[in-house]
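Results of the structural survey
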Amino acid sequence: MSKSPTERTRVKRMHENAKYDTALIHAILDAQPMCTVGYSFKGLPYVTPTLQWREGNHIYWHGSAASRMLEACEETQVCVNVTIFDGMVMARSAFEHSCNYRSVMAFGTAHKVIHRDDKEARLKSMVETLFPGRWDMLRPMKEKELKATTILGLELNEVSAKVRSGPPIDDTDDYALPIWAGVIPLQTVALQAVDDPRLIAGLVVPDHVAKFKIG
Ligand SMILES: Cc1cc2nc3c(=O)[nH]c(=O)nc-3n(C[C@H](O)[C@H](O)[C@H](O)COP(=O)(O)OP(=O)(O)OC[C@H]3O[C@@H](n4cnc5c(N)ncnc54)[C@H](O)[C@@H]3O)c2cc1C
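In what follows, the accompanying structure is described. (Residues numbered from 1 in each chain as written. Predicted model: local features only at pLDDT ≥ 70, side-chain atom pairs only at ≥ 80, totals over all residues.)

1. Focus: the nonpolar core
Which entries qualify depends on this criterion: Think of a nonpolar core as buried Ala, Val, Leu, Ile, Met, Phe, Trp, Tyr and Cys residues chained together by C-beta atoms that fall within 7 Å. Backbone-placed C-beta atoms define the burial measure: a residue is buried with 20 or more other C-beta atoms within 10 Å of its own, exposed with 12 or fewer, and partly exposed in between. Strands are runs of DSSP state E lasting at least two residues, helices are runs of H or I lasting at least four, and both sets are numbered from the N terminus onward. A pair of residues counts as a contact when their C-beta atoms, built from backbone coordinates, are separated by no more than 7 Å.
If you look at the biggest cluster of nonpolar residues, it comprises 28 residues, and the most contacted ones within it are Val37, Ile59, Cys73 and Val104. If you tally residues by element for this core, the top one is strand E6 (residues 77–90), at 4 residues. Ignoring sequence-local partners within four residues, the contact set of Cys73 consists of Val37, Tyr39, Val78, Ala110 and Leu152.

2. Thoughts on the pairing of strand E10 (residues 158–164)
Where we set the bar: The pairing criterion is simple: DSSP has to find at least two bridges between the two strands.
Here 2 bridges tie strand E1 (residues 18–19) to E10, and the two strands are oriented antiparallel to one another. Of the residues in E10, the one forming a bridge with Ala18 is Lys162. Pairing between strand E7 (residues 98–109) and E10: 7 bridges, direction antiparallel. Looking across to E10, one finds that Val104 is bridged to Ala161.

3. Comments concerning the site of the ligand
Test applied: Any residue whose C-beta atom, as set from the backbone, lies within 6 Å of a molecule or strand is reported as near that molecule or strand. For this scheme, ten residues count as nonpolar: Ala, Val, Leu, Ile, Met, Phe, Trp, Tyr, Cys and Pro. Four count as charged, namely Asp, Glu, Lys and Arg, and the remainder, Gly too, count as polar.
Around the ligand there are 15 residues in total, and Lys12, Tyr101, Ser103, Ser160 and Lys162 lie nearest to it. For the shell around the ligand, the elements supplying multiple residues, two or more each, are E6, E7 and E10. In terms of residue count, E7 provides more of the shell around the ligand than any other element does, 5 residues in total. Residues of the shell around the ligand, tallied by class, amount to 7 nonpolar, 4 polar and 4 charged.

Spatial relationships are all this shows, so hold off on functional conclusions.
Below you can see the structure in the form of structure tokens.
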């Protein structure tokens, strides 16, 4: 399924790289938990990196109830970006250098998750989205921890993706030049997990840790 672009989400620069396919947009959001949230605070622009997770047609992010970013975003217009940086594209001219990436921009009004049970369900979903099977292994949340946490959601109604892949695109004449060109692929890789020095002896690394990956 694909959503029609709005005036705000219609990609103009390199519009051939625009994607509005819902499955692709979801796949990018699911592959990269880090996002940046753009908002205005006292008339000035801020872009704050944080974690996001998706449930159906919503993304969520959370933090301290004292967070300025969360307070400033509540019930107001925000722009959330998620980017997977896939490669450096090296052309035969400086001008044609580029990047390979999968990127999503979502716009809308951020809403606060109010009810206690909804908050707990969203937090469980965050943990389970990142680390399937972990929630039930954890010490249950304390009421004061739930109270100290703010969760914001954004419905994915106004969203664009932009994707570039493949080799450089050079001017026709430049292909004859003796200059190395190609792509340096980039990937975020999870290395072997490191035990907490205070870990109780004999505990094994759970599957959701050993199999964790990103991108
Ligand atoms: C890793 C990386 C490196 C990049 N490097 C450069 C660079 O060096 N120079 C450069 O000019 N651009 C770069 N881009 C592309 C950049 O994100 C913008 O698409 C570009 O600058 C055009 O911006 P604009 O406001 O003119 O876009 P417009 O086409 O006017 O934007 C209109 C609408 O298109 C959508 N849109 C635009 N860009 C994106 C995007 N990246 N992802 C999802 N939706 C989008 C949004 O909905 C936006 O509101 C890079 C992107 C990535 C992810």
